[in-house]
Amino acid sequence: MGDGEDARRDGEDLPAHPAEMLALIRSQQDMVRTGTEPSGALLFAAWGVAWFAGYLMLYVSGTQEHGLPAGWAFVVFGMLLVSAMVFTGVHIGRRAVGVRGASAAAGAMYGWSWAVCFAVVFLILSGVARAGASDEVMQILSNSMSCLVVAALYMVGGALWREWRMFALGVWIALVGGAAAIVGPPSSYLLMAVAGGGGFLLAVVSDVVLDRRRRSQTSATDAAVEVAP
Amino acid sequence: MSEPDLDPVIHAQARLKVVATLASLGAGDRISFPRLQKLLEMTAGNLSTHLRKLEEAGYVAMEKTFEGRSPATFIALTPRGRYAFESYTAALKSLLKGAQ
């Protein structure tokens, strides 16, 4: 069998209409993108729930006693953050498995930025505590420095992957973190839960709505194309 | 539809899917053989055959390497392959315009 004959036979398994072939390409590419790229909606949801529940608990516990949340509230808050972190790592790891090259290198550098920045936040807090910072100073500083790191890295992430929603979320978290520092504990925790956690959850909603709109638009063009000829 | 306008290397369902999959990864990215196989839901033998044809045309580059101690193959679309895929979809779109 010659090559030309082979190619002709191969081509026969394709849909006859160019619109159907374009739809085939698009559905394959959509499937690959959802399979290999992390889902912003899932990650924002994990962090939104962790922030909302965790900070709300700090607030409730902080208003009951004298402005300082109980130890157990900090433990639960820490566990919620660790769960969200593990979920993020596992999710990104599963989506990125088997893919190497430029985007994997960028992703690894970005991941290490988080680890390095939070390690330094921890060192600074240890130093400030040793220098005799009060509980209130520690609460304000730990929260606002963490917010600053999260905000800056979200903005960088938005620039890196051209995700304007991630960038906007970074700007929002910076503002909320700054406002929380001015308000001070325990009210700052309520602000963090509602505006911070709520910001993540709002990003989830916009992600889902935009995705649904995009899908209905492409299927509408497909339908229009099939009717036209 | 006039078939001669369409690149015969890509003009087969399996190879069109392979090229479309590789094209949706970022430029400069490569993917392992098992992951590609999973994304395409093809048998290993079938995928190898199509990859060989695409490699002969200069559309994909195969890199044999090691992951720890086990050998692994990574596949990437070459700039030529990306150009061929873009020309192919552009040809489809112009056929579509002609049909309307």
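Just so we're clear, the structure is a prediction, and the values are computed from it rather than from any experiment. (Residues numbered from 1 in each chain as written. Chains lettered and ligands numbered in written order. Predicted model: local features only at pLDDT ≥ 70, side-chain atom pairs only at ≥ 80, totals over all residues. Heavy atoms only, no water.)

Colleague: Run through the packing of aromatic side chains, naming residues and quoting values.
Modeller: Residue and element names in this part refer to chain A. Overall, the coordinates contain 11 aromatic pairs over all chains when judged by the stated rule. Ring geometry for Phe-44 versus Phe-200: centroids 6.4 Å apart, planes at 45°, classification tilted. Taken together, the positions of Phe-44 in helix H3 (residues 40-64) and Phe-200 in helix H8 (residues 187-227) put the pair 156 residues apart, joining distant regions of the chain. The burial state of Phe-44 is the same as that of Phe-200; both residues are buried. Pairing Trp-114 with Phe-118 gives two aromatic rings, centres 6.2 Å apart and planes at 10°, and the pair type is stacked. Placement of both Trp-114 and Phe-118 in helix H5 (residues 102-130) is noted, with a separation of 4 residues, approximately one turn of the helix. Taking relative accessible area as the criterion, Phe-118 reaches 30% and is therefore assigned partly exposed. Aromatic rings pair up to connect Phe-44, Trp-51, Tyr-55, Phe-77, Tyr-110, Trp-114, Phe-118, Tyr-154, Trp-161, Tyr-189 and Phe-200 into one cluster. (Phe/Tyr/Trp six-rings, centres within 6.5 Å; stacked < 30°, edge-to-face > 60°. Helix = DSSP H or I, 4+ residues; strand = E, 2+ residues; numbered from the N terminus. Buried < 20%, exposed > 50% of the residue type's maximum accessible area, 1.4 Å probe, protein only.)

Colleague: Outline the confidence of the model for chain A, supporting the account with residue identities and numerical values.
Modeller: Counting all residues, the mean pLDDT for chain A is 89, and 89% of those residues have values of 70 or more. This stretch, residues 1-8 of chain A, has a pLDDT under 50; its non-local contacts, to residues over four places away or in other chains, come to 5 contacts. (pLDDT = per-residue confidence, 0-100. Contact = heavy atoms within 4.5 Å.)

Colleague: I'd love a proper account of the interface of chain A and chain B, names of residues and values included.
Modeller: Taken together, the contact pairs 35 residues of chain A with 35 residues of chain B. Carbon and sulfur atoms supply 62% of the area buried between chain A and chain B, which totals about 2900 Å² over both sides. Where chain A touches chain B, the interface holds 0 salt bridges. Within the residue set of the side of chain A that touches chain B, elements represented by two or more residues are helix H1 (3-11), helix H2 (18-36), helix H4 (71-96), strand S1 (99-101) and H5 of chain A. Looking at the side of chain A that touches chain B element by element, the count peaks at 13 residues for H2 of chain A. Among the residues making up the side of chain A that touches chain B, the classes are represented as 19 nonpolar, 9 polar and 7 charged. (Buried area = accessible area lost by both parts, 1.4 Å probe. Salt bridge = Lys/Arg side-chain N within 4 Å of Asp/Glu carboxyl O. Nonpolar A, V, L, I, M, F, W, Y, C, P; charged D, E, K, R; others polar.)

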